[in-house]
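Residues per chain, in single letters:
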Amino acid sequence: MSVIVQCEETSKIFVLCKGAETSMAENISMNYSEIAQALTDEFAEEGLRTLVLGYRTISESEYKTFHDKSEEARSAVIEINRNKYMREAYSLIENNLLYAGITGIEDKLQEELPETLEAIRDAGIMIWMLTGDKRETALNIGHHTIELCNITSEGDMRMLIHSAYEKQISHTLDRRQSYNTVLVIDGKLLSFIYKNEDSKINLRIFWQHCYWDGGNDISMIQEAHVGFGIIGQEGKGASRAADFAFSKFKFLRRTLLIHGFWFYDRVAYMVQYSFYKNVVCFFCQFLIAFYSNFSATSLYNSTFIMCFNTFYTSVPVLAFGLFEKRESEETLWNNPGIYQRNVGNKQLKAVKLISWFFLGVWQAFVIFYGWLLAWQIWISSE
């Protein structure tokens, strides 16, 4: 990020720039010594968020060129072109910078963060941490939040992202004891991934549920299937763009492992019940056709058909959807592994749907022929 200021006394125009060490090192042409690099690494290994500061003076003609380019970029209609032109405009001034210094800021972890992440991992949910910090900072935070063991090398990661299907990726991770395995992807490796469309698709397999707290994370929240935002000191941009917003990260555990489990159970049952009840009702209508010479005779009167979905069968499923708790809150909180019962949409697999369908057919036969037999017995008795 850069700002342009002009000194009132000397009228000199300065470009003040800050950024990550990996990007700033390419733009700083002088005074960025090995000592500064070592200091940055030392800060990062301590878990501090590091920024490199640089500056340069520009002439009025350079500023005018930059201003014209940036205004042209802002007026671009297509967003992709607008971003491209803005990068080109900033590249005119963000080069040949002089090294000014390094900052290291401690970003304290929220309460119950390690416990929340451990519970989420026990539930079978893979965790990805995306950050603009240095690699060492990210690893340090990871070690403080979760007990990390294996760090994959770049070669292993290249092999993983070339896997053709999700099952192959999961199988590879399982063989590497994926519970304690971390994939570290830096900017260069990310560029390699995005050169191949299949690699991008395979990597996106895991980016389905995202939780962010910064204003720069809005685009990632919107890209995810479900976006969780935290209302933090960096503003409310992320929380406004998210599907769900929290004030603390620890609330994610209750949201996913308790409410997520309950609501998936309820929705899965409601979907299957909706098919089942119609099979039971109208398969009987199909059977009556064999006894009415396939005429248009209806087995039910119009009032019953009108009330069937609106009253007779709506109350049970509504009650189930509002109050059903197959597992208690305490059980789900203390046993995160129970969440894996629903991972992979297990309750809505084809086998489940087919079993509900045949259950409806079976009960339709019982109801229809049960009443038919009772009717014949009653007629014969008269």
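Predicted, not measured: the structure shown is a model, and the values here were computed from it.

Conventions and cut-offs
- Residues numbered from 1 in each chain as written.
- Predicted model: local features only at pLDDT ≥ 70, side-chain atom pairs only at ≥ 80, totals over all residues.
- Heavy atoms only, no water.
- Helix = DSSP H or I, 4+ residues; strand = E, 2+ residues; numbered from the N terminus.
- Buried < 20%, exposed > 50% of the residue type's maximum accessible area, 1.4 Å probe, protein only.
- Contact = heavy atoms within 4.5 Å.
- Axes fitted to C-alpha atoms, helices over the stretch in contact; angles between N-to-C directions.
- Parallel < 35°, antiparallel > 145°, perpendicular 65-115°, else oblique.
- Nonpolar A, V, L, I, M, F, W, Y, C, P; charged D, E, K, R; others polar.
- Patch = residues over 30% accessible without salt bridge, like charges linked within 9 Å, V, L, I, M, F, W, Y side chains within 5 Å.
- Areas by Shrake-Rupley, 256 points an atom, 1.4 Å probe, with all protein chains shown as cover.
- Salt bridge = Lys/Arg side-chain N within 4 Å of Asp/Glu carboxyl O.
- Phe/Tyr/Trp six-rings, centres within 6.5 Å; stacked < 30°, edge-to-face > 60°.
- Lys NZ or Arg CZ within 6 Å of the ring centre and 35° of its normal.
- UniProt positions renumbered as here; feature names shortened; annotations may be inferred.

## Let's talk about the overall build of the protein
Phase 1: Helix and strand content of the protein: 17 helices and 10 strands.
Phase 2: The buried share among the 382 residues of the protein stands at 33%.
Phase 3: Taking the contacts inside the protein whose residues are at least 6 apart along the sequence as the reference set, 67% of them involve residues at least 24 apart.

## Structural notes on the packing of helix H14 (residues 302-312) against helix H15 (residues 314-323)
Phase 1: Interhelical geometry of H14 versus H15 gives an angle of 15 degrees and a closest axis separation of 6 Å. When the axis of H14 is compared with that of H15, the two are roughly parallel. Contacts from Asn 309, Thr 310, Phe 311 and Tyr 312 in H14 reach Ser 314, Val 315 and Pro 316 in H15.
Phase 2: Split into classes, the residues belonging to the contact of H14 with H15 amount to 4 nonpolar, 3 polar and no charged.

## A closer look at a nonpolar patch on the surface
Phase 1: Together, Phe 286, Phe 290, Tyr 291, Phe 294, Phe 365 and Tyr 369 make up an exposed nonpolar region whose accessible area comes to about 650 Å².
Phase 2: Structurally, the position occupied by Tyr 291 is in the loop between helix H13 (251-288) and H14.

## A closer look at the packing of aromatic side chains
Phase 1: Throughout the structure, instances matching the rule amount to 23 aromatic pairs.
Phase 2: Judged by centre distance (6.0 Å) and plane angle (10 degrees), the rings of Tyr 269 and Tyr 273 are stacked. You can see Tyr 269 and its partner Tyr 273 sitting in helix H13, 4 residues apart, about one turn around the helix.
Phase 3: Taking relative accessible area as the criterion, Tyr 269 reaches 28% and is therefore assigned partly exposed.
Phase 4: A ring pair is formed by Tyr 276 and Trp 356, whose centres lie 5.6 Å apart and whose planes are at 75 degrees; its orientation type is edge-to-face. Linking Tyr 276 in helix H13 with Trp 356 in helix H17 (residues 350-381), this pair joins segments that are 80 residues apart in sequence. With respect to burial, Tyr 276 and Trp 356 carry one shared label: buried.
Phase 5: For Arg 253, the ring lying beneath its charged end belongs to Trp 333, and the centroid distance is 4.1 Å.
Phase 6: Seen from the ring of Phe 263, Arg 266 lies directly overhead, with NZ or CZ sitting 5.0 Å from the centre.

## So, the environment of Tyr 269
Phase 1: Along the sequence, Tyr 269 and Phe 320 sit 51 residues apart, while their C-alpha atoms lie 8.4 Å from each other.
Phase 2: Those residues within four positions of Tyr 269 in sequence are excluded, and the remaining contacts are Phe 320 and Trp 356.

## A look at the UniProt feature "transmembrane region" (unreviewed entry) in the protein
Phase 1: What UniProt calls "transmembrane region" (unreviewed entry) maps, in this numbering, to residues 275-294, 300-323 and 356-378.
Phase 2: Taken as a whole, residues 300-323 contains 88% helix and 0% strand, while its terminal C-alpha atoms sit 32 Å from one another.

## Looking at the pattern of salt bridges
Phase 1: One pass over the full model with this rule turns up 8 salt bridges.
Phase 2: In this structure, the salt-bridge partner of Arg 56 is Glu 62, at a minimum N-O distance of 3.1 Å.
Phase 3: Glu 62 sits in the partly exposed class, given a relative accessible area of 33%.
Phase 4: In this structure, the salt-bridge partner of Glu 118 is Arg 121, at a minimum N-O distance of 3.8 Å. With Glu 118 and Arg 121 both in helix H5 (residues 113-122), this residue pair falls 3 residues apart, about one helical turn.
Phase 5: Residue Glu 118 is classed as partly exposed on the basis of its relative accessible area of 25%.

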